[in-house]
Amino acid sequence: MNMPARLLIHGASGRMGQALLRLGAAEADLRLVAAVNGDGQAAGGHLPWFAAADIEQVPDFDIAIDFSRPEGLLPLLALCRRRQARLVSGTTGLDAGQREALTAASKHVAVLWAANFSLGVAVLGALVERAAAALSAWDVDIVELHHAGKRDAPSGTALRLAAAVAGGGGRPAVQHSLRAGDAVGEHCVQFSGAGERLELIHRATDRDVFARGALFASRWLAAQPAGLYRLEDALGAALRGD
Ligand code: NAD
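Residues numbered from 1 in each chain as written. Predicted model: local features only at pLDDT ≥ 70, side-chain atom pairs only at ≥ 80, totals over all residues. Heavy atoms only, no water.

Asks: Please provide a residue-by-residue account of the environment of glycine 213, values included.
Replies: One can find glycine 213 in helix 6 (residues 208–221). Given the relative accessible area of 10%, glycine 213 is considered buried. C-alpha of glycine 213 to C-alpha of glutamine 190: the two residues are 23 residues apart in sequence and 26 Å apart in space. (Helix = DSSP H or I, 4+ residues; strand = E, 2+ residues; numbered from the N terminus. Buried < 20%, exposed > 50% of the residue type's maximum accessible area, 1.4 Å probe, protein only.)

Okay, structure coming up:
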């Protein structure tokens, strides 16, 4: 029998981190070994907690799952390289330098970053690209709604959907970001033609979908060589409907 993969949860006291600690603890083939957050203040789970400033002291791990802040990414990437550990990251709002650092690290270890870890959004991206190809003269608007605490706008998912529109040959998408209440995440891609409108909508109602997706991606990544991967690579068969 294979040993369980050892997980480090980075950003563990946040909304996503808490979901990962709860769901990850129930998986027999995964083992949570440490939690990192901004200040190192323990926030549940039967495992040691570390402040971001003390990240070098974490015990050995095989995969880091990161849902934190962009400024936490570079130290985590450096640690993953030194420990030869894989990285699954869903942190959004990364700047060009941070995205380049992901690419550079992926020459040495397996890295999977996704703006959105839900299967429904992965399918939405594929549908949007097809719609953009068929409706290339139509106006395109992307409307996204997230909880008031979300820092980046447009969301990482909205940017990926705009890239899908561009990939399909559609007109440049206009972004509209709403920040209100406790909304987990909604994305509507609206194609407007003369006398008709097509709307493709995804609504997440529970952030457990992202945590489950990240755990699924971790399991898949555990068997991959160094490289930069997308969630679509891990979902391959599910996306094709096999
Ligand atoms: P949150 O504000 O609730 O939690 C942030 C966590 O990061 C906290 O534990 C905090 O202590 C920690 N942190 C802050 N600075 C840090 C640092 N320098 N190093 C390490 N940890 C640090 O945020 P959240 O709602 O859990 O979201 C976290 C990130 O994940 C955001 O970028 C959000 O947009 C993204 N997100 C992505 C997906 C997806 O599917 N890709 C889904 C939901 C959220």
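Asks: Describe in detail the site of the ligand, supporting the description with residues and values.
Replies: The ligand sits among 25 residues. The nearest are Ser13, Met16, Gly38, Thr92 and Lys150. Here a nitrogen atom of the ligand and a backbone polar atom of glycine 90 are 3.2 Å apart. Between the ligand and alanine 114 there is a distance of 3.1 Å, counted from a nitrogen atom to a backbone nitrogen or oxygen. In isolation the ligand exposes 870 Å². Once the protein is present, 84% of that is buried. By residue class, the composition of the shell around the ligand is 8 nonpolar, 12 polar and 5 charged. (Near = heavy atom within 4 Å. Polar contact = N/O pair within 3.5 Å; in protein donor to acceptor, adjacent residues only side chain to side chain. Areas by Shrake-Rupley, 256 points an atom, 1.4 Å probe, with all protein chains shown as cover. Nonpolar A, V, L, I, M, F, W, Y, C, P; charged D, E, K, R; others polar.)

Asks: So, the packing of helix 4 (residues 119–134) against helix 5 (residues 156–168): which residues are in play, and what are the values?
Replies: Running from N to C, helix 4 and helix 5 cross one another at 35°; their axes reach a closest spacing of 7 Å. The two elements helix 4 and helix 5 meet at a crossing, and its hand is right-handed. Of the residues in helix 5, those touching helix 4 at Val121, Leu124, Gly125, Val128, Glu129, Ala132 and Ala133 are Thr157, Leu161, Ala164, Val165, Gly167 and Gly168. Taken together, the residues that form the contact of helix 4 with helix 5 break down as 8 nonpolar, 4 polar and 1 charged. (Axes fitted to C-alpha atoms, helices over the stretch in contact; angles between N-to-C directions. Left-handed = near helix turned anticlockwise from the far one by under 90°. Contact = heavy atoms within 4.5 Å.)

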